Amino acid sequence: MLELNGLTKRFGNVTAVDNLTFTVQKGEIFGLLGENGAGKTTTLRMLATMLKPTSGTARLAGFDVVRSPEEVRRRVGFLFGGESGLYDRLTVYENIQYFGELNDMHPREIKKRIEELADIFDMKDFLNKRAGKLSKGMRQKASFARAIIHNPDVLLLDEPTSGLDVGAMREVQAFLKVQKEKGKTILFSSHTMSEVEKLCDRIAVIHKGSLVDMGSTDELLKKHGTQTLEDLFMGLVGGSK
Amino acid sequence: MNWKHVMIVFKKELKDIVRDRKTLFTSIILPIFLMPLLFLLIGGGTEKMSEEMTTDITVALTADSYSEAAQWFLKESLETQDEDITIIEPVADPWEAINSKQAKLVVSLDRDFKKKLEALEAFTLKVYYDGSLSRSGGAVGSLMSAIDKLNEGIAVKRLEAMGINPQILTPVLVETENISRTGDGNILLMMVLPMLIAMLVAVGGIPAATDLVAGEKERMTFEPLLATRPSRMSILMGKYLTINLFSFASVIATLTGMLLAFFINPDALSMGMGEIGGFNLDTGTVILCIAVTILLGMTFSGIQLAISTYARSFKEGQTYLSLLMFVVIIPAYATMMVMPNDIQLYMYLIPVLNTISAFKLVLGGLTNYTGLILAMVTSLVYVVLSLLTAAAMFRNEKYLFRS
Ligand SMILES: Nc1ncnc2c1ncn2[C@@H]1O[C@H](COP(=O)(O)OP(=O)(O)OP(=O)(O)O)[C@@H](O)[C@H]1O
Ligand SMILES: [Mg+2]
């Protein structure tokens, strides 16, 4: 579903992403693990066609991110952690509706889908409130709903749980599991090992833009003879420093 | 670019910004109420001033030159020439008297004026006025014409006494006739209105422009938007249209305000300088004028969009855009006094000045098709250039993802 081949991004002298190659299968939850500045956001931005790779290619559902950006974007749901990116002066409903319209959905279809999402995310009470007036947890739910209004095949999530309390974090994790069951492909970045460990089928550890190692949690732990991902990560990253 | 997407973005931006009371207030509500207030205040002020200069002109003799004969002479000869002139009791200090509003003017006469008058000699009448006070400085004119009439009256009597036809004094008879095709009150309108419209069209989109890109970047709503299906150019065009709408809305709001002022007090717009009317209703000129104005709005919307995209944050955007405001205001003020017949050809080629020139033509009842068509063609070029710049900024990830 997702193929990265030698994907590289340079900003001036800084190589933010360096020759990344990996594939994510349909229905897989794939974790991008790395410290601050490792290049996670940059990688996701390239996959969402917002940044052009300096070299290398990436394909999403067979479409090249540089050559067919619109085909790629219609299949992608993109979400940032930390900030919800909602329009404060619009209601939750209007926020979600806007993204439905932008993704060429029929008004009737949008209405039906929002009702459905309001059910899933338990948003009925604040659907018609202005986004600016909501709590952080509510905003996060609304932005999740907005990101998947058009039922995308691939979810690109940049640190989706950052800044959430434990309860909200659990909800996000439960949501990701449901999406996986529906056959969605999920690529998400994180620097919390425990989260990646629990959720991901496979993990890529990146450091300073380069792929350090990749595999399932078990594989990685076995290979490096460490007990927890925490240790594994410190070993890998520490070794390359 | 996909027009369906453009309209979706446009509609959403409109809804979003209309809910932003600050932007709505500064670009629409404020001009509607500020304009009448401004014109009524300034207009009322100048009207009062000119009334002060021409009515109730109080003139006093200096105590030094006072004599019963002098007082009587002034009353007899000046009050009869102009009923607005009143001779009051003599005053000791001219400056004191004028500044304490006792008198508007103070005069002194030669002590032996009566003797000179009878001997057919000239005597001096000295007028003291305070040029820093319009009520005093402005009243000099009225007194002067009264004295001119007095001189003429005395001369005529003397000539008749000598049996000479008084017409000998005026070999040239002067007649004047105002053949202006526009109302005298248009002069002020010609100075203020074109400047105001051009400025507003050029800067009216600024609040919207700041909010629409720099604001979106800052609120982190921009990236999710860019990750949706529409191309960047569709998103850009939707925002561009919104900014355009606001720059024209601010002009319409201001004109509404001025009309309001006109209905409250018809003299307010001309500031008491006469009738307003006789505009050029030559259809071609009016159409070209409106076209040039719209193109100016489009040019500046593009520039504002480019600047807002370049800015890292809302604050930075505000700073750059207020600098842009100065770039507009300076040439606009500099050409305020230019009258329609004084417009140079180069003015039609420069943004802002081209719109000002076109409006001056319309208000002055003139036309200049060469200038207007030149303005039109160059404006089109500016629109394209500014849009291309905005598009280049919008495509450039260096500016979009600066932080
Ligand atoms: N627009 C940009 N211009 C210049 N340098 C950039 C830009 N975006 C990212 N970088 C640099 O590229 C590197 C990778 O940044 P990136 O944001 O992808 O890391 P990250 O893994 O998402 O980090 P974090 O955990 O802090 O979010 C950093 O050194 C960053 O300074
Ligand atoms: Mg990041």
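Residues numbered from 1 in each chain as written. Chains lettered and ligands numbered in written order. Predicted model: local features only at pLDDT ≥ 70, side-chain atom pairs only at ≥ 80, totals over all residues. Heavy atoms only, no water.

### Here we look at the overall build of chain B
Looking only at helices and strands, chain B has 16 helices and 4 strands in total. Against the 2.2 N^0.38 benchmark of 22 Å for 403 residues, chain B shows a C-alpha radius of gyration of 31 Å, more extended than a compact globule. Each of the three principal axes of chain B carries a C-alpha extent, and together these read 100 × 45 × 35 Å. Going through the 403 residues of chain B one by one, you find that 48% of them count as buried. Working note: accessible area of chain B is about 20000 Å², and carbon and sulfur atoms make up 64% of it. (Helix = DSSP H or I, 4+ residues; strand = E, 2+ residues; numbered from the N terminus. Rg over C-alpha atoms; globule rule 2.2 N^0.38 Å. Buried < 20%, exposed > 50% of the residue type's maximum accessible area, 1.4 Å probe, protein only. Areas by Shrake-Rupley, 256 points an atom, 1.4 Å probe, with all protein chains shown as cover.)

### A few points about the pairing of strand β3 (residues 105-109) of chain B
Residue and element names in this part refer to chain B. Within β3, 5 of the 5 residues are buried, which leaves it mostly tucked inside the rest of the structure. In terms of strand pairing, strand β1 (residues 57-62) meets β3 through 3 bridges, oriented parallel. Within the sheet, the bridge partner assigned to Val-59 lies in β3 and is Leu-105. Two strands pair when backbone bridges link them, and β3 and strand β4 (residues 125-128) are joined in this way by 4 bridges, in the antiparallel orientation. Directly across from Ser-108, in β4, lies its bridge partner Lys-126. (Pairing = 2+ DSSP bridges.)

### Quick look at helix α8 (residues 186-203) of chain B
For α8 of chain B, with 18 residues, the first-to-last C-alpha span of 25 Å sits near the 26 Å given by 1.5 Å per residue. Judged by how many residues are buried, α8 of chain B sits mostly within the fold: 17 of 18 residues are covered. (Expected span 1.5 Å × (residues − 1).)

### Points about the packing of helix α9 (residues 206-218) of chain B against helix α12 (residues 283-310) of chain B
All names here are of chain B. Between α9 and α12, the least distance of the axes is 8 Å, while the angle of their chain directions is 30°. In terms of orientation, α9 and α12 fall into the roughly parallel class. For α9 against α12, the interelement crossing comes out right-handed. For the pair α9 and α12, the contacting residues are Ile-206, Ala-209, Thr-210, Val-213, Ala-214 and Lys-217 in the first and Gln-304, Leu-305, Ser-308, Thr-309 and Tyr-310 in the second. (Axes fitted to C-alpha atoms, helices over the stretch in contact; angles between N-to-C directions. Parallel < 35°, antiparallel > 145°, perpendicular 65-115°, else oblique. Left-handed = near helix turned anticlockwise from the far one by under 90°. Contact = heavy atoms within 4.5 Å.)

### Considering the pattern of salt bridges
Residue and element names in this part refer to chain A. Scanning all chains against the criterion turns up 29 salt bridges over all chains. Between Glu-71 and Arg-74 there is a salt bridge, with the nearest N and O atoms lying 3.7 Å from each other. Remark: Arg-74 and Glu-71 occur in helix α2 (residues 69-74); sequence separation between them is 3 residues, near one turn of the helix. On the basis of relative accessible area, Arg-74 is assigned to the partly exposed category, the value being 35%. (Salt bridge = Lys/Arg side-chain N within 4 Å of Asp/Glu carboxyl O.)

### Quick word on the nonpolar core
Ranked by internal contacts, the top residues of the largest apolar core, which has 104 residues, are Phe-78, Met-123, Leu-156 and Leu-176 of chain A. Of the residues forming this core, the biggest block, 7 residues, is contributed by helix α11 (residues 232-264) of chain B. If sequence neighbours within four positions are ignored, Leu-176 of chain A has contacts with Ile-29, Leu-157, Ile-186, Phe-188 and Leu-199 of chain A. Core analysis: the next-biggest nonpolar cluster, separate from the first, contains 46 residues, Met-191, Ala-261, Leu-321 and Ala-358 of chain B among them. (Core = buried A, V, L, I, M, F, W, Y, C linked by side-chain atoms within 4.5 Å.)

### Overview of helix α13 (residues 314-334) of chain B
Residues and elements named next belong to chain B. Its 21 residues give α13 an end-to-end C-alpha distance of 31 Å, which sits within 8% of 30 Å, the value for a rise of 1.5 Å per residue. Among the residues of α13, those classed as buried are Phe-314, Glu-316, Gly-317, Leu-321, Leu-324, Val-328 and Ala-332. For α13, the angular spread of buried residues about the axis comes to 165°, placing them on one side. Turned more than 90 degrees from where α13 packs its buried face, Lys-315, Leu-323, Phe-326, Ile-330 and Ala-334 sit exposed. Residues of α13 that are buried in the fold lie against α8, α9, α12 and α14 (353-364). (Arc of directions from axis to C-beta.)

### A closer look at the UniProt feature "transmembrane region" (unreviewed entry) in chain B
All names here are of chain B. According to UniProt, the positions carrying the feature "transmembrane region" (unreviewed entry) are residues 24-43, 187-210, 240-264, 285-307, 319-338, 345-366 and 372-394. Here residues 187-210 runs as 92% helix and 0% strand, with 36 Å between its end C-alpha atoms. Taken end to end, residues 285-307 is 100% helix and 0% strand, and its two terminal C-alpha atoms sit 33 Å from one another. (UniProt positions renumbered as here; feature names shortened; annotations may be inferred.)

### Things to note about the confidence of the model for chain A
Confidence in the prediction for chain A averages 89 pLDDT; 93% of positions are at 70 or higher. Of all secondary-structure elements in chain A, the lowest mean pLDDT belongs to helix α9 (residues 229-240) of chain A, at 65, while helix α3 (residues 92-102) of chain A reaches the highest, 97. (pLDDT = per-residue confidence, 0-100.)

### Quick notes on the sheet that holds strand β1 (residues 2-11) of chain A
Residues and elements named next belong to chain A. Ordered in space as β2-β1-β4-β5, the 4 strands form an open sheet in which the pairing is antiparallel. The open sheet is flanked by β2 (14-24) and β5 (63-64), the only strands paired with a single partner. Direction of pairing for strand β4 (residues 55-60) relative to β5: antiparallel, over a ladder of 2 bridges. Following the sheet pairing, Leu-60 is matched in β5 by Phe-63. Sitting on the sheet, helix α1 (residues 40-47) touches β1, β2 and β4, and the angle it makes with β1 is about 120°.

### Overview of unusual backbone geometry
Located in the positive-phi region is Asp-122 of chain A, a residue other than glycine, with phi close to 55°. Take Asp-122 of chain A: its relative accessible area is 57%, and that puts it in the exposed class.

### Description of the packing of aromatic side chains
What the rule picks out here adds up to 12 aromatic pairs over all chains. The interplanar angle of 65° and the centroid separation of 5.0 Å between the aromatic rings of Phe-144 of chain A and Phe-175 of chain A together place this pair among those described as edge-to-face. With Phe-144 of chain A in helix α5 (residues 136-147) and Phe-175 of chain A in helix α6 (residues 166-181), this residue pair connects regions lying 31 residues apart in the sequence. Classification of Phe-144 of chain A as buried rests on a relative accessible area of 3%. Taking 6.0 Å as the distance between ring centres and 75° as the angle between the ring planes, the aromatic pair formed by Phe-73 of chain B and Phe-123 of chain B counts as edge-to-face. Of this pair, Phe-73 of chain B sits in helix α3 (residues 68-79) while Phe-123 of chain B sits in the loop between α5 (113-118) and β4, and the two are 50 residues apart along the sequence. In this structure Phe-73 of chain B comes out as buried when scored by relative accessible area, which is 10%. Site record: aromatic cluster; members linked through ring pairs are Tyr-87, Tyr-98 and Phe-99 of chain A. Between Arg-146 of chain A and the ring centre of Phe-99 of chain A, over which it is positioned, the NZ or CZ distance is 4.0 Å. Of note, Lys-12 of chain B hangs over the ring of Tyr-87 of chain A, and the distance from its end group to the ring centre comes to 3.4 Å. (Phe/Tyr/Trp six-rings, centres within 6.5 Å; stacked < 30°, edge-to-face > 60°. Lys NZ or Arg CZ within 6 Å of the ring centre and 35° of its normal.)

### Overview of the site of ligand 1
Neighbouring ligand 1 are 13 residues, the closest being Gly-37, Gly-39, Lys-40, Thr-41 and Thr-42 of chain A. Surrounding ligand 1 are residues belonging to chains A and B, so the site spans chains. Thr-42 of chain A is positioned such that a nitrogen or oxygen atom in its side chain is 2.5 Å from an oxygen atom of ligand 1. The side chain of Glu-159 of chain A places a nitrogen or oxygen atom 3.2 Å from an oxygen atom of ligand 1. Surface burial for ligand 1 is 65%, taken as the share of its 630 Å² of free accessible area covered by protein chains. Where the shell around ligand 1 is concerned, the elements lending two or more residues are β2 and α1 of chain A. The biggest single contributor to the shell around ligand 1 is α1 of chain A, with 3 residues. The residue makeup of the shell around ligand 1, split by class, is 5 nonpolar, 5 polar and 3 charged. (Near = heavy atom within 4 Å. Polar contact = N/O pair within 3.5 Å; in protein donor to acceptor, adjacent residues only side chain to side chain. Nonpolar A, V, L, I, M, F, W, Y, C, P; charged D, E, K, R; others polar.)

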